[in-house]
Amino acid sequence: MFRYSSRLISSGLARAGTRPWATVPTILIARSFHQNRPLLHGHLHKPKPGEELHCTIITKDGKQFTYEVAEGDNILDIAQAHNLDMEGACGGSCACSTCHVVVDPEFYDEIPEPDDDENDMLDLAFGLTETSRLGCQIIMTKKLDGIRVALPAMTRNLQSKDFS
């Protein structure tokens, strides 16, 4: 519809005080509604047979879920793909702390050191612990096969209205 209204404006048919949509045929206004297939959260790769890695996520209420994942997937995508309660407000760009997880101390030293951006975001996380990390920054590798992470009791999602 916008395509036609711009033609009306450029052709001089739409003038101040007139209704340009009145000159557009009714069939263009009453367009049918189309819905695309919804995009799924968590862009997981299917693990190749024999190369599966295992990741256990402990939810806020103590339930444990173990998943077979591929090398290169991150904890945020794994949790979202399995409909677990991990928000990931920034989409995994390390710009929030809503994917904060507590890593099992047994695996914490196997994860590469957090960079400055991740440390800055972790400072904003609720319930920070010695083994806290952001789920979007934990990339599955063979060293992390069997990793266990726990979701904290709460997350902190700061919004502009929080600063008013």
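Coordinates for the structure precede this section.
Keep in mind the model is a prediction, meaning the values are calculated, not measured.

Each value, and the rule that gives it
- Per chain, residues are indexed from 1 in the order of the written sequence.
- Confidence filtering applies because this is a predicted model: local features only for residues at pLDDT of at least 70, side-chain atom pairs given and counted only at 80 or more, and all residues used for totals across whole chains, interfaces and linings.
- Side-chain metrics in this entry use all non-hydrogen atoms of the structure; hydrogen atoms and water are not considered.
- For the purposes of this entry, the term helix denotes a DSSP run of H or I that reaches at least four residues, the term strand denotes a run of E that reaches at least two, and both are numbered from the N terminus.
- The classification of residues rests on relative accessible area computed with a 1.4 Å probe and restricted to protein chains. Under 20% of the type maximum is buried, over 50% is exposed, and intermediate values are partly exposed.
- Whether two residues touch is decided by their heavy atoms; if any such pair falls within 4.5 Å, the residues are in contact.
- Surface exposure here means Shrake-Rupley accessible area, sampled with a 1.4 Å probe, where a residue is shielded only by the protein chains that are shown.
- Note: two strands are recorded as paired if DSSP finds a minimum of 2 bridges between them.
- All axes are obtained by fitting lines to C-alpha atoms, using only the stretch in contact for helices, and the reported angles, taken between N-to-C directions, cover 0 to 180 degrees.
- Two rings belonging to Phe, Tyr or Trp (six-membered ring only in the last case) form a pair when the distance between their centres is within 6.5 Å. Interplanar angles under 30 degrees mark stacking, angles over 60 mark edge-to-face geometry, and anything in between is tilted.

Description of the overall build of the protein
A tally of regular secondary structure across the protein gives five helices and five strands. Looking at the 164 residues of the protein, the share that counts as buried comes to 33%. Put simply, of all contacts in the protein between residues at least 6 apart along the chain, 64% involve residues at least 24 apart. A total of about 11,100 Å² of accessible surface is found on the protein, and carbon and sulfur atoms cover 52% of it.

A look at the sheet that holds strand β5 (residues 147-150)
With mixed pairing, the five strands of this open sheet are ordered in space as β2-β1-β5-β3-β4. Edge strands, defined here as strands with exactly one partner in the open sheet, are β2 (64-69) and β4 (132-134). Across this sheet, the average inter-strand angle for adjacent strands is 35°, counted without regard to direction. With two bridges connecting them, strand β3 (residues 100-103) and β5 associate as antiparallel partners. Each residue of the ladder has a partner; that of Val103, found in β5, is Val149.

A short note on the environment of Asp123
Note that Asp123 resides in the loop between α5 (116-122) and β4. When the C-alpha positions of Asp123 and Ser97 are compared, they lie 8.4 Å apart, and in sequence the two are 26 residues distant.

Observations regarding the pairing of strand β1 (residues 53-58)
Across a regular strand the side chains alternate sides, sitting on one face of the sheet and then on the other. Taking burial as the measure, the six residues of β1 include five buried ones, the bulk of the element. The antiparallel hairpin formed by β1 and β2 contains five residues in its connecting segment, where Gly62 sits at a positive phi of about 90°.

Regarding the packing of aromatic side chains
Summed over the entire model, instances satisfying the criterion amount to one aromatic pair. Ring geometry for Phe65 and Tyr67: centres 6.4 Å apart, planes at 10°, overall stacked. Residue Phe65 is classed as partly exposed on the basis of its relative accessible area, which comes to 30%.

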